[in-house]
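Topology and contacts: notes
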Amino acid sequence: MPVGAFQALNGIAWGKCLLRAGSQRCRCGLSWSLRRYHHGSLPDDIKSLRAVLNPDISKIRNIGIMAHIDAGKTTTTERMLYYSGYTRALGDVDDGDTVTDFMAQERERGITIQSAAVTFDWKTHRINLIDTPGHVDFTLEVERALRVLDGAVAVFDASAGVEAQTLTVWRQAEKHHIPCVCFLNKMDKPAADLSFSIESIRLKLKANPVLLQIPIGSGKNFTGVVDLLTNQKLTWELTSTRDDGRAFEVQSLGQSEDRELLQAASEARAALIEQVADLDDQFAELVLTDFSDNFDAVPADKLQEAVRRVTLARKGVPVLCGSSLKNKGVQPLLDAITAYLPAPNERHHDLVRWYKDDLCALAFKVLHDKQRGPLVFLRIYSGTLKPQTAVHNINRNSTERMSRLLVPFADQHVEIPSMSAGNIALTVGLKQTVTGDTIVSSKASAAAAARRAQNDCGTGKKRGEHADIVLSGVDVPDPVFFCTVEPPTMAKQADLENALKCLQREDPSLKVRADPDSGQTILCGMGELHIEIIHDRIRREYGIETHLGPLQVAYRETILQEVSTADTLDRTMGDRRHVASVSLTVRPEDVSCDVAFTKELQVQIQPEIREAVENGVQSSYLQGPLLGYPVQGVSTLIHGISVEPGTSPAMVSACVSRCVLKALRLAGGQVLEPVMSLEVTVGEEHLGSVLGDLAQRRGTVRDIQSRHDNKVLLATVPLAEMMGYSTVLRTVTSGNATFSMELDAYQAMNPQAQSALLRRMSGGM
């Protein structure tokens, strides 16, 4: 089995086989049973992205690193870049010198805020990797990264197993049908527990973990892993704190004197073969036919092929272990990425076949660069992308000229002449493109693809045919927090609006609107940290010292009973008289807000009047009758509509909107508040204090679980009660607790809380 450190020798510089100075130290005559390789750290060893050309599509891996906050995603990415030869030194999150966490806010806080893409090669494969955030406020960053990736590495803290945000990102990966590999990180921690972590993956993620490695030693004595496929020991004997883990030993397990390890490995391999045989019929037939008497004789390559088939079919997830911070186990993880995760041509995207060899790409992220302007990340699904060419944006129905094409490497980019299907590219010059847009080579190309789609589907509809050939975009969650933002002087208002426009284009989860009453600018975000980061970026990147108002919760409104009403609008504007009458019923529904017509009306109503009615109903849903928050869970049925000749559609919409608002007021209003799913990890000695604090916050405890010496408290709490919770939690637990929360649902407020809110919002006490 090739040692992970041999990538400097086996790496292909995409078309040219370059033997660098460091490569000449090859130990060609090493025995199979014991190998060791020392990789030099000469400046010449650092690979350049300028050597990266277009590899064969089967050698490309588009992967994401996803996990709960502080599980070790960025540290793992940093080791991958170092061992593949693209960085000179190992970066550290605590020191703020990692490649992918390049924003000032990320380096100060030691967390990932925005996803960062890096491209590197490992042995004969090219890996396009995206390091994603683990904080719930930046879930959209994970969502839009997973939308364009082919595989993912889920990183776990081996002492904690599956945590709250792990569950969230896992659901996102499942939604996009992405095969995953699991990496149990932090095996050097005293509380690291392999069996606990495996069981939590099985129970909480409802996944089928396929264990490919077992650890050698535990806690501080963790020295390496046993590869169950090849029956080999991989050990990292780090002689000093400066040892970078690039050199490690591969030893045949048969020569080990450790009987306990030998027994554990033998049992684990037998369990692995049995598990894979249950999941893969082809492998089961091979085992039963040729190796029924001796499982140990099953060849490693056949077992690896079967694990790959199981992974791609998403019947199981390979599990590996290591410690990224201690530089152990990362090279086998890189081998697993290339061995088990799919190439772009192994992932099937139905509509791509309609484009054949024409360009089809999805814009999944936009960054603003002070020198280059907007930088748009594209995932290329078919065709080839070249600079200095015009491309067509189907969603915007516009044609733009792309001036430059770059290979992404965090905040450092290298210009290249072309990029083929399966890759992730960075483009300069697309000024109108936003997240979720589909980019094709021309209008004619889109029309040709639409014709092929129609022929395949056998549909003859002409109108809206392009909808079938647009790649699905990214689902943007609704914001739950909002606050006002004001510039220091009115002279800076235009600069602030420009900054917010750029930030909105980068981050679709940030919403900006103007208050209709006060005219103030309102920021709407996913959480306290999200808005805090936006505020900090406005100050640092755009030089505007803005003032934020107090954070407020984004409530919703609904109704309690069914009400029918009618209204007539009679207005003269200029020399035209506009008369419209409507009768309708509003009723509470579990579904999202919609509008319907009676059967008779559906046949009679004209299309332009129908559209005007629907617009009127939807506009009335934007501001509820109690506090002016958006309405949800309401259905409107239109019984009758009469329009005098010469009445404009805008007046019809105004009449309907006024009638719906009248009905909503009569139906009795109910405020809905966002309720968060909360997970607190705390020592048993502080559990009582945390429970008492949650009771004061109208919290409901769902479960209390044990995790080693700690308790994991699962609860639901109204978001309005969670302002500044991190500070309070630190105080009551002396800093010995962590928490995470995400939106669970909108629930009706109890009458006392709603009355108090109404008094507060109306200025009363």
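Each chain carries its own residue numbering, running from 1 in the written order of its sequence. Totals for whole chains, interfaces and linings use all residues, but because this is a predicted model, local features are given only for residues with pLDDT of at least 70 and pairs of side-chain atoms are given and counted only at 80 or more. Heavy atoms from the whole structure form the basis of all side-chain values; hydrogens and water molecules are not counted.

Re the overall build of the protein
- Put simply, DSSP marks the helices as runs of H or I at least four residues long and the strands as runs of E at least two long, and each gets a number from the N terminus on. Each helix and strand counted, the protein has 20 helices and 36 strands in total.
- For every residue, the accessible area obtained with a 1.4 Å probe (protein chains only) is divided by the maximum for its type, and the residue is called buried under 20%, exposed over 50%, and partly exposed between those limits. Expressed as a percentage of its 765 residues, the buried residues of the protein come to 55%.
- The contact definition used throughout considers only heavy atoms, calling two residues in contact when any of these lie within 4.5 Å. Sequence separation of 24 or more characterises 73% of the internal contacts of the protein that already satisfy a separation of 6 or more.
- For the protein, the accessible area works out to roughly 33300 Å², and carbon and sulfur atoms hold 49% of it. The Shrake-Rupley method, run with a 1.4 Å probe sphere, supplies the accessible areas, and residue values consider only the shown protein chains as cover.

Details of the packing of helix 7 (residues 259–279) against helix 9 (residues 300–312)
- Orientation is described by lines fitted to C-alpha atoms, with helices fitted over the stretch in contact, and by angles between N-to-C directions that extend from 0 to 180 degrees. Orientation of helix 7 relative to helix 9, taken along the N-to-C sense of each, is 50°, at an axis distance of 10 Å. The angle between helix 7 and helix 9 places the two elements in the oblique class. Helix 9 is crossed by helix 7, and the crossing has left-handed handedness. Only A300, L303, A306, V307 and V310 of helix 9 make contact with helix 7, whose side of the interface consists of R269, L272, I273, V276 and L279.
- The nonpolar class holds Ala, Val, Leu, Ile, Met, Phe, Trp, Tyr, Cys and Pro. Asp, Glu, Lys and Arg form the charged class, and all remaining residues, Gly among them, are polar. Residues of the contact of helix 7 with helix 9, tallied by class, amount to nine nonpolar, no polar and one charged. Geometric relationships in this document are graded by angle, where less than 35 degrees denotes roughly parallel, more than 145 denotes roughly antiparallel, 65 to 115 denotes roughly perpendicular, and other angles denote oblique. In this scheme, a crossing is called left-handed if the near helix is turned counterclockwise away from the far one by less than a right angle; it is called right-handed if the turn is clockwise.

A word on the side chain of N128
- As for its placement among the helices and strands, N128 is situated in strand 4 (residues 125–131).
- Engagement of the side chain of N128 in a polar contact is seen with the side chain of T119, the distance being 3.0 Å.
- Only 3.4 Å separates the side chain of N128 from the side chain of N423, close enough to count as a polar contact.
- Once residues lying within four places of it in the same chain are set aside, the contact partners of N128 are I60, R61, N62, I63, V118, T119, G422, N423 and I424. Distance and chemistry together define a polar contact, namely a pair of N or O atoms within 3.5 Å, with one atom able to donate a hydrogen and the other to accept it when in protein, and with adjacent residues in sequence counting only for side-chain atoms on both sides.

Let's talk about the pattern of salt bridges
- One side-chain nitrogen of Lys or Arg within 4 Å of one carboxyl oxygen of Asp or Glu is enough to make a salt bridge. The tally for this structure, following the rule as stated, stands at 22 salt bridges.
- K189 serves as the salt-bridge partner of D157, at 3.1 Å between the closest nitrogen and oxygen. Here the residue D157 occupies a position in strand 5 (residues 151–157), and K189 occupies one in the loop between strand 6 (180–185) and helix 6 (194–204), the gap between them amounting to 32 residues.
- Overall, K189 belongs to the partly exposed group, its relative accessible area being 30%.
- If you follow the salt bridges from partner to partner, you end up with D150, R347 and R379 in one network.

Side note on the packing of aromatic side chains
- When two rings of Phe, Tyr or Trp (its six-membered ring) have centres within 6.5 Å they constitute a pair, described as stacked for plane angles under 30 degrees, edge-to-face for angles over 60, and tilted for the intermediate range. Using the criterion set out here, one finds six aromatic pairs in the structure.
- Ring centres of Y555 and Y629 lie 5.5 Å apart, and the angle between their planes is 65°; this geometry places the pair in the edge-to-face category. In this pair, Y555 is assigned in the loop between strand 27 (552–553) and strand 28 (556–559) and Y629 in the loop between helix 16 (607–620) and strand 32 (634–643), connecting sequence segments 74 residues apart. We note that Y555, like Y629, is buried.
- Members of the aromatic cluster, joined through ring pairs, are F482, Y555 and Y629.

A few points about the state of the cysteines
- Pairs of cysteine sulfur atoms within 2.5 Å are identified as disulfides in what follows. For the structure shown, the criterion picks out zero disulfides.
- Distance from the sulfur of C182, which forms no disulfide, to the nearest cysteine sulfur (C180) is 6.8 Å.
- Summary of cysteine pairing: C655 is not part of a disulfide, and the nearest cysteine sulfur, belonging to C659, is at 6.6 Å.

Things to note about the environment of Y621
- Here Y621 lies in the loop between helix 16 and strand 32.
- Between the alpha carbons of Y621 and V631 there is a distance of 5.0 Å; along the sequence they are 10 residues apart.
- Excluding residues that lie within four positions of it along the chain, Y621 makes contacts with C593, D594, P630, V631, V634, S635 and T636.
- In terms of polar contacts, Y621 uses its side chain to reach the side chain of T636, at 2.6 Å.

Some words on the nonpolar core
- In these notes, a set of buried Ala, Val, Leu, Ile, Met, Phe, Trp, Tyr and Cys residues joined through side-chain atoms within 4.5 Å is what counts as a nonpolar core. Within the largest apolar cluster, 114 residues are counted, with the highest numbers of intra-cluster contacts made by W170 and L184.
- Ranked by residue count, the leading element in this core is helix 7, at eight residues.
- Other than its neighbours up to four places away in sequence, W170 contacts M66, A154, F156, C180, C182, L205, A207 and V317.
- Judged by nonpolar contacts, the second largest core, of 43 residues, contains V485, L694, Y725 and A737.

Comments concerning the sheet that holds strand 31 (residues 594–597)
- Whether two strands pair depends on DSSP finding at least two bridges between them. Taken together, four strands build an open sheet; the order of strands is 29-30-32-31 and the sheet is mixed. Each end of this open sheet is capped by a strand with a single partner; those strands are strand 29 (563–573) and strand 31. Strand-to-strand twist across the sheet, computed as the mean angle between neighbouring axes with direction ignored, equals 30°.
- Pairing of strand 31 with strand 32 involves four bridges; the strand directions are parallel. Pairing of F597 across the sheet is with I638, part of strand 32.
- Against the sheet, helix 17 (residues 649–666) makes contact with strand 29, strand 30 (576–588) and strand 32, and its axis sits at roughly 145° relative to strand 29, the strand it touches most.

Description of the pairing of strand 34 (residues 700–707)
- For strand 34 and strand 35 (residues 710–718), the ladder comprises seven bridges, and the chain directions are antiparallel. Looking across to strand 35, one finds that D703 is bridged to L714.
- What sits between strand 34 and strand 35 in their antiparallel hairpin is a turn of two residues, with H708 showing a positive phi close to 55°.

Let's talk about the packing of helix 7 against helix 8 (residues 281–290)
- Viewed as axis vectors pointing N to C, helix 7 and helix 8 meet at an angle of 125°, and their least axial separation amounts to 6 Å. Classified by the angle between their axes, helix 7 and helix 8 sit oblique to one another. The crossing of helix 7 and helix 8 is left-handed. Contacts from I273, V276, A277 and L279 in helix 7 reach D281, F283, A284 and V287 in helix 8.
- When its residues are assigned to classes, the contact of helix 7 with helix 8 shows seven nonpolar, no polar and one charged.

Some points on helix 13 (residues 493–506)
- The length a helix should cover is 1.5 Å for every residue beyond the first. Taking 1.5 Å of rise per residue, 14 residues should cover 20 Å, and helix 13 covers 20 Å from first to last C-alpha, within 8% of that figure.
- Restricting attention to buried positions, one finds in helix 13 the residues Q493, L496, A499, L500, C502, L503, R505 and E506.

A short note on the confidence of the model for the protein
- Residue-level confidence of the predictor, termed pLDDT, takes values from 0 up to 100. Residues of the protein with pLDDT of at least 70 account for 86%, and the chain-wide mean is 82.
- Per-element mean pLDDT across the protein ranges from 33 in helix 1 (residues 7–10) up to 96 in strand 12 (residues 317–321).
- Across residues 1–44 the pLDDT falls below 50, and counting only partners more than four positions away or on other chains, this stretch makes 87 contacts in the model.
- Contacts of residues 459–467 to residues separated by more than four positions or lying in other chains number seven contacts, the stretch itself having pLDDT below 50.

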